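Read off the chains here:
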Amino acid sequence: MNWMGRKWLILTILVIAVIIPQVVTNKYYMNILIMSGIWSIVALSLNLILGYTGQVNLAHGAFFGIGAYASALLMLKLNMSFWFALPLAAAIAGFFGFLIGLPALRTRGSYFAIGTLCFNIIVTLIVDRWEGVTEGARGLMGIPGPGPIPLPWGSEITFKTMAAQYYLVLCFLILTIFVLRRIIQSLVGRTFRAIRGNEELAEAVGIHAMRTKILSFTVSCFFAGVGGVLYASYIGFLSPEITDYHVSFDALIYVMIGGVGTIVGPIIGTLLIVTIPETLHIAAEFRLLLYGLILIVMIIYLPRGIVGWVKDLKGKRRQEVAWEKS
Amino acid sequence: MGEILTVQGLTRHFGGLAAVTDLSFDVRAGEILSLIGPNGAGKTTVFNLITGTLLPTRGKVFFQDHEITGLRPHQTTSFGIARTFQTTSLFYDETVMDNLIVSYHCRTRMGLWDALFHTGRSRADERQSRQKAEEILELIGLQDRAWELARNIPQESQKRLALGLALVTEPKLLLLDEPTGGLTEEENISMMALIQRVRTRGITILLIEHKMKIVMNISDRIVVLNYGEKIADGSPQEVGNNSAVIEAYLGAGYAET
């Protein structure tokens with residue numbers, strides 16, 4: 001696709017995304033769309049460390065949960081407004097990523113995966129048992145939504161309707177895409193990919209592998225935290241399950257199915273996996289079975305996910321055209 | 001000619017095995033110094049010790065009068081020491097051009113904020129990386145393959161690219177680990193010509209090489225290792241006539257004849 005074609009495609013998708021709440025008034029579908037948006041942010045952020053830096057992080061649920069709980073506690077216990085709690089809670093998630101990254105990123109490959117999985121289980125346990133702060137299994141209730149934004153001429157933007165919540169999530173989704181894209185396409189993003197490609201060589205050409213991995217991990221956890229904050233204020237209730245490693249695996253599946261190491265992949269994966277089972281009304285137990293099956297098939301036949309597969313097809317066609325011309 | 005690199009009493013043990021024992025030698029600025037020796041003599045270990053991939057058990061390494069013993073590989077690279085690996089090491093899933101651009105990273109200064117806000121520094125760094133990559137691309141003669149994936153180019157081009165990645169880091173000293181391994185006679189000649197061209201740019205070269213014809217032709221001086229110890233050094237002629245060297249390569253008894 002040429003540059004102009006791509007620009008029009010993005011514009012079209014954006015217009016559709018903006019129009020949707022005007023057409024779809026069904027609350028059930030709006031809910032699915034909002035959740036897809038939140039999970040897309042989480043999947044996109046996971047893809048930075050997983051897809052672009054090549055480190056299999058299985059603790060993304062924990063960082064999502066840390067962001068969610070941190071914002072809920074800031075709003076409930078310190079009466080902070082959503083707009084202050086959001087960046088602060090995301091920063092807390094990022095900071096935890098930084099702290100955990102320091103020891104965990106010294107290990108490579110499956111050791112890093114196991115290390116982060118253990119961290120995730122520990123976080124869930126702490127959230128579950130530290131009742132004085134987190135209310136334990138009873139959960140945190142009555143988390144406020146975002147307060148109204150005053151406009152200069154006396155009116156204000158409120159977030160009481162589903163449509164307003166949807167636009168809020170959409171804004172943060174676009175912001176996440178924008179920021180991650182900027183990073184990925186910069187020289188900094190190139191160093192991430194170098195680590196994924198060959199860490200020893202990356203060090204040999206002068207890239208500080210540890211610092212690079214920690215940077216990627218911290219940014220990744222920051223945006224997982226953003227997803228967590230949006231979730232907390234949208235749902236209004238948090239329980240320890242939301243920090244669970246199941247959340248990590250869900251995010252992993254969205255990324256794997258959509259396309260590891262691509263920008264649109266995680267969004268497509270999330271949309272498919274969140275919307276299809278919901279609309280088909282598949283029971284939860286079967287859903288997990290289906291995920292497992294899909295994941296096995298994907299890893300064997302389409303290791304680069306749907307988007308990677310489409311890219312490969314296009315590349316092949318281009319090669320064939322070049323072959324015929326020569 | 002002054003020394004660019006000084007190795008003093010370098011020793012490395014792996015458990016009970018002494019891979020390198022009390023090795024000392026100098027590399028003079030502008031020369032091509034070859035490190036030779038039978039398989040397992042510890043040549044690659046010496047490279048790993050100089051670049052910081054391995055820490056020495058004992059001994060010191062000085063580069064341009066700075067002690068660099070124990071520095072990490074990314075630090076020695078920014079000091080101006082670049083290396084290639086015995087098994088061709090590339091970012092195989094990236095294009096030739098992208099391989100070169102990312103390897104210039106150690107000479108750029110932009111960080112996360114520059115990336116996010118497209119600052120002047122980020123634009124300048126991007127432009128400079130691109131320019132440097134194009135310059136090296138021409139030197140290694142891969143302009144026609146700039147946009148191919150590194151995994152899809154022929155083996156000889158991959159070897160050139162591996163050398164290119166080291167050159168992009170703007171080294172003063174280049175450590176080459178068997179740059180002609182697996183190449184044909186013809187390709188050897190063009191690779192050697194390339195190495196000579198690199199040297200005329202003022203880059204000092206420390207070379208590990210097995211093919212004696214090449215070593216004798218290209219080297220200013222040679223250091224011979226056997227079982228991790230230096231058994232001889234000097235000009236190609238001196239080393240070629242050294243009885244200890246002949247013994248190490250051909251076995252005892254050949255030296256007299």
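Look a little higher up for the structure.
These notes cover the structure that comes with them.

1. Describing the overall build of chain A
Scanning chain A for helices and strands turns up 14 helices and four strands. Taken over the C-alpha trace, chain A has a radius of gyration of 20 Å; the compact-globule value for 326 residues is 20 Å, and the two agree within 12%. Counting only C-alpha atoms and orienting by the principal axes, one finds that chain A spans roughly 65 × 50 × 45 Å. Residues counted as buried form 47% of the 326 residues belonging to chain A. Sequence-distant contacts, at least 24 apart, represent 77% of the contacts inside chain A between residues at least 6 apart.

2. Focus: the sheet that holds strand β4 (residues 58-63) of chain B
Residues and elements named next belong to chain B. In spatial order, the strands read β2-β1-β4-β5; together these four strands make up an open sheet with antiparallel pairing. The outermost strands of the open sheet, each flanked by one partner alone, are β2 (17-28) and β5 (66-67). Bridge count for strand β1 (residues 3-14) against β2 is eight bridges, and the pairing is antiparallel. Among the inter-strand pairings, Leu-5 is bridged to a residue of β2, identified as Val-27. Relative to β2, helix α1 (residues 43-51) is tilted by about 65 degrees, and along the sheet it contacts β1, β2 and β4.

3. Some points on the packing of helix α3 (residues 96-103) of chain B against helix α6 (residues 155-168) of chain B
Residues and elements named next belong to chain B. Following both chains from N to C, one finds α3 and α6 inclined at 30 degrees, their axes separated by 8 Å at the closest point. One element, α3, and the other, α6, form an angle in the roughly parallel class. The two elements α3 and α6 meet at a crossing, and its hand is right-handed. Residues Val-96, Asn-99, Leu-100 and Ser-103 of α3 form the contact with α6, whose own contacting residues are Leu-161, Gly-164, Leu-165 and Val-168. Here the contact of α3 with α6 is composed, by residue class, of five nonpolar, three polar and no charged.

4. Structural notes on the interface of chain A and chain B
Accessible area lost upon the coming together of the parts serves often as the stated size of an interface. Counting residues at the interface gives 20 residues for chain A and 28 residues for chain B. Looking at the side of chain A that touches chain B, the elements that each hand over two or more residues are α7 (162-185), α8 (187-197) and α9 (199-204) of chain A. Take the side of chain A that touches chain B: its biggest share by element is seven residues, from α8 of chain A. Grouping the amino acids of the side of chain A that touches chain B by side-chain chemistry returns ten nonpolar, six polar and four charged.

5. Let's talk about the pairing of β1 of chain B
All names here are of chain B. In this structure, the hairpin formed by β1 and β2 is closed by a connection of two residues, where Gly-15 is found at a positive phi of approximately 60 degrees. Direction of pairing for β1 relative to β4: antiparallel, over a ladder of five bridges. Pairing of Leu-5 across the sheet is with Phe-63, part of β4.

6. As for the sheet that holds strand β9 (residues 221-226) of chain B
All names here are of chain B. Here we have six strands laid out as an open sheet, ordered β6-β7-β8-β3-β9-β10, and mixed in their pairing. The two strands at the open ends of the sheet, each matched to only one other strand, are β6 (81-83) and β10 (229-234). Across the sheet, the mean angle from the axis of one strand to that of its neighbour is 20 degrees, orientation sign disregarded. Of the strand pairs in this sheet, strand β3 (residues 32-36) and β9 are connected by four bridges, and their pairing is parallel. Bridge assignment links Leu-33 to a residue of β9, and that residue is Arg-221. In the packing of α1 onto the sheet, the strands contacted are β3, β6, β7 (173-177), β8 (204-208) and β9, and the crossing angle to β7 comes to about 150 degrees.

The rules behind each value
- Residues numbered from 1 in each chain as written.
- Chains lettered and ligands numbered in written order.
- Predicted model: local features only at pLDDT ≥ 70, side-chain atom pairs only at ≥ 80, totals over all residues.
- Helix = DSSP H or I, 4+ residues; strand = E, 2+ residues; numbered from the N terminus.
- Rg over C-alpha atoms; globule rule 2.2 N^0.38 Å.
- Buried ≥ 20, exposed ≤ 12 C-beta atoms within 10 Å, placed from the backbone.
- Contact = placed C-beta atoms within 7 Å.
- Pairing = 2+ DSSP bridges.
- Axes fitted to C-alpha atoms, helices over the stretch in contact; angles between N-to-C directions.
- Parallel < 35°, antiparallel > 145°, perpendicular 65-115°, else oblique.
- Left-handed = near helix turned anticlockwise from the far one by under 90°.
- Nonpolar A, V, L, I, M, F, W, Y, C, P; charged D, E, K, R; others polar.

These figures capture arrangement, not role.
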